[in-house]
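Coordinate analysis (summary)
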Amino acid sequence: MRLREEMPVRPAPSKPKFQLAAPVPSELPKEKFQPVPRKNDPDGSAISQAVNEVTQVVDSLRQSLEQMEEVLELVELAERQKLTDEREIESLLRALRQLQSRGGRAERPERQERPQPNE
């Protein structure tokens, strides 16, 4: 059989260029990033403002991570669909080649023409 020779070779999925040293937890502990309430300083000191800004950055990063995880799921779904579509195309191409190798004849018996009734 020559099916393997006819099938196009697909490149292997690309590997990430970097690898995280440790897995990223899906839920970061929130108690570590809560600003410390200040009762003595109603206007807010520079340090408390910095703490608030860092807290906002952490929240923003958390949202970004969630969005990136959603995008990753969509990309993985698209990749699976692409592979399924490629297999279907290969199957259809094989069927087409088989039909073409038979000269376009189907594997059913030839129809006999019926005599036309005299009018």
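Residues numbered from 1 in each chain as written. Predicted model: local features only at pLDDT ≥ 70, side-chain atom pairs only at ≥ 80, totals over all residues. Heavy atoms only, no water.

Regarding the overall build of the protein chain
A tally of helices and strands in the protein chain yields two helices and zero strands. Taking all 119 residues of the protein chain together, 4% fall into the buried category. By element, 55% of the accessible surface of the protein chain is carried by carbon and sulfur atoms, the whole surface being about 12200 Å². (Helix = DSSP H or I, 4+ residues; strand = E, 2+ residues; numbered from the N terminus. Buried < 20%, exposed > 50% of the residue type's maximum accessible area, 1.4 Å probe, protein only. Areas by Shrake-Rupley, 256 points an atom, 1.4 Å probe, with all protein chains shown as cover.)

What about a nonpolar patch on the surface?
Where nonpolar side chains cluster on the molecular surface, the patch consists of Ile89, Leu93 and Leu96 and spans about 260 Å² of accessible area. Mapping Leu96 onto the fold places it in helix 2 (residues 46-101). Among the residues examined, Leu96 registers a relative accessible area of 43% and is labelled partly exposed. (Patch = residues over 30% accessible without salt bridge, like charges linked within 9 Å, V, L, I, M, F, W, Y side chains within 5 Å. Salt bridge = Lys/Arg side-chain N within 4 Å of Asp/Glu carboxyl O.)

Structural notes on a negative patch on the surface
Residues Glu66, Glu69, Glu70, Glu73, Glu76 and Glu79 make up a contiguous surface patch of negative charge. Considering the arrangement of structural elements, one finds Glu79 in helix 2. According to the relative accessible area criterion, Glu79 is partly exposed, its value standing at 40%. (Lys, Arg positive; Asp, Glu negative; His and termini not counted. Charge placed at Lys NZ, Arg CZ, Asp CG, Glu CD.)

Overview of the confidence of the model for the protein chain
Residues with a pLDDT of 70 or more make up 50% of the protein chain, whose mean pLDDT is 76. Contacts for the low-pLDDT stretch residues 1-5, under 50 throughout, to residues beyond four places or in other chains number one contact. (pLDDT = per-residue confidence, 0-100. Contact = heavy atoms within 4.5 Å.)

Notes on the pattern of salt bridges
Within the structure shown, the criterion is met by two salt bridges. In this structure, Arg62 engages Asp59 in a salt bridge whose closest nitrogen and oxygen atoms are separated by 3.2 Å. Separated by three residues within a single helix, Arg62 and Asp59 lie in helix 2, roughly one turn from each other. Take Arg62: its relative accessible area is 14%, and that puts it in the buried class. Asp59 gets classed as partly exposed once you look at its relative accessible area, which sits at 36%. Here Glu86 and Lys82 are joined by a salt bridge, their closest N and O atoms 3.2 Å apart. Residue Glu86 and its partner Lys82 are both found in helix 2; the two are separated by four residues, about one turn of the helix. What makes Lys82 partly exposed here is its relative accessible area of 46%.

Overview of helix 2
Spanning 56 residues, helix 2 covers 81 Å between terminal C-alpha atoms, matching the ideal 82 Å at 1.5 Å per step. Trailing helix 2 by a residue or two, Gly103 shows a phi angle of about 75°, which is positive. (Expected span 1.5 Å × (residues − 1).)

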